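Structural overview
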Amino acid sequence: MTKGEAVEYVKVCTAFGPGFFYIPGSDTCLRIGSEFRIDYRVYGGGKFNRDDNRTAFNAQARVWFDARTETEYGLLRSYFQINADSNTATRVNGTEQRNRFTIDKAFIQFGGLTAGYAHSFFGFYDNDYGNTIFGPYYAQSNTVNLLAYTAQFGGGFSATLSIEDGRDHRQNDVFAYQGGQQVPDVVGVLRLDQEWGTVALQAAAHQFRSASRFDDGTPGGVALRHQNKWGYAIGGDVLIKIPQLQDGHLVIEGQYADGALDYLGADNLYAMRAQDFYYRNGFSRLEAGKGWSITAELGGNFTPQWGFNIVPSYIDTRYDGAGINGQDLKAKEYAITGNLTYMIVKGLSVTGEVSYIRSEFDRELGTDTLADVRPKEKLNSVVGGIRIKRMF
């Protein structure tokens, strides 16, 4: 009779919080998490046509792997998350997005170094909060390819320098005559974390370049004047914790951008589009779009089962001399969202939400035919819905 081999049981790892266990035969702790979101939403107001969906259903599954190892040089961490959607509410080139898999995050951290596909370090609000389910808000919310280093100076003070792929920060939905990337974006952050909350300042530099030509329907297209320009964005955040509520918080984030409108959260515009640059005088001059945005959130749990969030947000952009005959163009949008969450049992919740969005597009009156006929456009929209969420 032979002696059976020893069984190596999974051992709980307590160094990094609940849910971690040691990978057998190693000193690496792993946590596997998952979240299921079942969404039902309805759209009202606005200018819908018969091709638009007024209701939308979607089921999303999220799975992530978080592996951590303590080393003599600091924490070594790798993180990967993938999302799968059954039927998103968005269209790409008129085609609805169904059964779509996307990489949400994929990065390595070692001490103060972060490398890979992670949330832009310019964004504080969206990364730590952003607690709406459907309603838009105007703050940096992109996941980008980056290489960053964060230095801790004690007393809660830290500084980050992040080199980020500028292609992940482009906003050129209207005139997409963008040249290739020559220099990546540079993002710097100063942050102070205290028991009462957080204060942060951030800045970014973003290059935009003209393409060699664009296609106007003629053979070979039209050559564009060769131009390189730099845009920038600056922003600030204040977080105040509210101890009277569980996870109670008031957070405000604001930013200004010149030629770098992605940092305003322009990706989240509901009924409009934004662009970093545009052309003047028959495509002879490259000019930067300008704008600012602000977002606030008040939220928390007033009982262990009930929680709420109220999120007002505003974005304002302008393009001086962008019309056919040099008219100034202005576009702005604001949204206010409120939601209420009920925790049915631990790990299972249902959230109801309503969001009102107002979009405005103004053209300076002049000889531009379009401006004379429709100098101003206004659009009022309402989005509401329910999310059922299971998380473990």
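About the thresholds
Residues numbered from 1 in each chain as written. Predicted model: local features only at pLDDT ≥ 70, side-chain atom pairs only at ≥ 80, totals over all residues. Heavy atoms only, no water. Disulfide = S-S within 2.5 Å. Helix = DSSP H or I, 4+ residues; strand = E, 2+ residues; numbered from the N terminus. Buried < 20%, exposed > 50% of the residue type's maximum accessible area, 1.4 Å probe, protein only. Phe/Tyr/Trp six-rings, centres within 6.5 Å; stacked < 30°, edge-to-face > 60°. Polar contact = N/O pair within 3.5 Å; in protein donor to acceptor, adjacent residues only side chain to side chain. Contact = heavy atoms within 4.5 Å. Salt bridge = Lys/Arg side-chain N within 4 Å of Asp/Glu carboxyl O.

**Examining the state of the cysteines**
One pass over the structure, following the stated rule, counts one disulfide. Between the sulfur of Cys 13 and that of Cys 29 lies a disulfide, 2.1 Å long from S to S. Every disulfide takes its handedness from the sign of the S-S torsion; for Cys 13 and Cys 29 that torsion is 80°, giving right-handed. Taken as a pair, Cys 13 in the loop between strand S1 (11-12) and strand S2 (21-22) and Cys 29 in strand S3 (residues 29-45) lie far apart in primary sequence, 16 residues in all. You'll find Cys 13 and Cys 29 in the same group, each marked buried.

**Section: the packing of aromatic side chains**
Overall, the coordinates contain 13 aromatic pairs when judged by the stated rule. Their ring planes at 35° and their centres at 5.5 Å tell us that Phe 153 and Phe 157 sit as a pair that is tilted. The exposed category is assigned to Phe 153, whose relative accessible area is 53%. Given the relative accessible area of 33%, Phe 157 is considered partly exposed.

**Examining the side chain of His 119**
Along the chain, His 119 falls in strand S7 (residues 113-119). By relative accessible area, His 119 is classed as buried at 9%. Polar side-chain contacts of His 119 include one of 2.7 Å to the side chain of Asp 126. Beyond its immediate stretch of four places on either side in the chain, His 119 contacts Lys 105, Asp 126, Asn 127, Gln 140, Ser 141, Asn 142, Thr 143 and Leu 146.

**A word on the pattern of salt bridges**
Here the structure, examined in full by the defined rule, presents eleven salt bridges. The residue Asp 66 makes a salt bridge to Arg 77 at a minimum N-O spacing of 3.0 Å. One end of the pair, Asp 66, is in strand S4 (residues 55-71); the other, Arg 77, is in strand S5 (residues 74-92), and eleven residues separate them in sequence. For Asp 66, a relative accessible area of 6% translates into the label buried. Three or more residues joined by partner-sharing salt bridges are found here, namely Asp 66, Arg 68 and Arg 77.

These values are about where atoms sit, not about what they do.
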